[in-house]
Amino acid sequence: MTAALTLPRSALVAMLALGLSAPLSAKQLYEYVDANGIRHFTDTPPQTDAPVKATRIQVDNKPLVRLETRDVDGRSGRIIVHNLSAGPVEVDVELREAVNVDADPPLPRRFVLGHAGEHALAVVSTRDRSKDAAFQVSVNAVPGDPRSQPDPLVHYRLPFPAGTRYLVSQGFGGGYSHTDEQNFHAVDLGVAEGTPILAARDGLVVEVERDFYESGADRSRLAARANMVRVLHEDGTMAVYAHLAYESTLVTPGSVVLAGQRIGSAGATGFATGPHLHFVVQRNAGMRLVSIPFRFSEADGAPYTPERSRGWLRVP
């Protein structure tokens, strides 16, 4: 996101607060007519005996960070970035079209926000107070810490209960949707709607989306509208469990999950034409997410790489 700021000569540096994107506060709209014939609309379930019509409202993806600037001494402003995720986030902060200003430290610059909360990143000051000053601030954010080192010996458990029937409908490099670097080493596991989804490895829940309900083959519109859980592992990698059913997630950002713990239910939200779990392990490779190869464990503990199956399989 970018934002422009003009600083008039001899004026205080009145910095603007910026937001990357704000999620809508409501996911359902409730409508009812009371005993006096007055029609009401509310975003919380009403306490009434009257018939209530509930309409789902589209929501936005939750932002990773929020940006603001604070006045320091009347002549400069401090750039503050709030990490809204429960895990580390890398941000790229850049000044564009800067006129008569200096930044300390110099920008552009990348920062790793290692914990949730606010982080003071830079101070922007007017160079010559007798002249006007203007600039734009651009901020991008990617989850994860690029300094992490993935453990190549880790095995993952199948993310379903014992006895679950599943189909590997798309494996690594699948031509339908596993062609970009974020998803090249992903697998699509077809299961029945509502199948319990279990954590494949211990970790910290850092992101959750649970309010999307649409699905279909329109990739441009629906690719970013899948319910999902992102779990951070101790080696800095992150597992993504995507296309979960509407409002089915059982975990929240900041909670710790153990392998085998239920985190939600299978669904078909987002860019999906049928119920399945999209499972991928990613790392931050420097302001970009890259999927990495992983292996599941057989019943006897032997590792194997998931490949597209010709028929249904069953979790031991």
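Look up: the structure comes first, before these words.
This one's a predicted model, so the numbers in the text were calculated from it and none came from an experiment.

1. Digging into the pairing of strand β18 (residues 227–232)
By the criterion of burial, β18 is predominantly enclosed, with six of the six residues buried. Pairing geometry for strand β16 (residues 203–209) and β18, over five bridges, is antiparallel. In the sheet register, Glu207 faces β18, and the bridge partner there is Arg230. Note that β18 and strand β19 (residues 238–244) share six bridges and pair antiparallel. Within the sheet, the bridge partner assigned to Met228 lies in β19 and is Ala242.

2. Some thoughts on the environment of Pro63
With respect to the element layout, Pro63 can be found in the loop between β5 (53–56) and β6 (65–71). Using a relative accessible area of 17% as the deciding quantity, one classes Pro63 as buried. Distance in space between the C-alpha atoms of Pro63 and Arg210 is 14 Å, their sequence separation being 147 residues.

3. Describing the packing of aromatic side chains
Here the structure, examined in full by the defined rule, presents eleven aromatic pairs. Plain terms: the ring middles of Phe279 and Phe294 are 5.2 Å apart, the flat faces sit at 80° to each other, and that makes the pair edge-to-face. One end of the pair, Phe279, is in strand β23 (residues 276–284); the other, Phe294, is in the loop between β24 (289–291) and β25 (296–297), with 15 residues separating them in the sequence. Of the two residues, Phe279 and Phe294, neither departs from the other in class, the shared state being buried. These aromatic residues form a ring-pair network of at least three members: Tyr156, Phe172, Tyr241, Phe279, Phe294, Phe296 and Tyr304.

What counts, and at which threshold
Residues numbered from 1 in each chain as written. Predicted model: local features only at pLDDT ≥ 70, side-chain atom pairs only at ≥ 80, totals over all residues. Heavy atoms only, no water. Buried < 20%, exposed > 50% of the residue type's maximum accessible area, 1.4 Å probe, protein only. Helix = DSSP H or I, 4+ residues; strand = E, 2+ residues; numbered from the N terminus. Pairing = 2+ DSSP bridges. Phe/Tyr/Trp six-rings, centres within 6.5 Å; stacked < 30°, edge-to-face > 60°.

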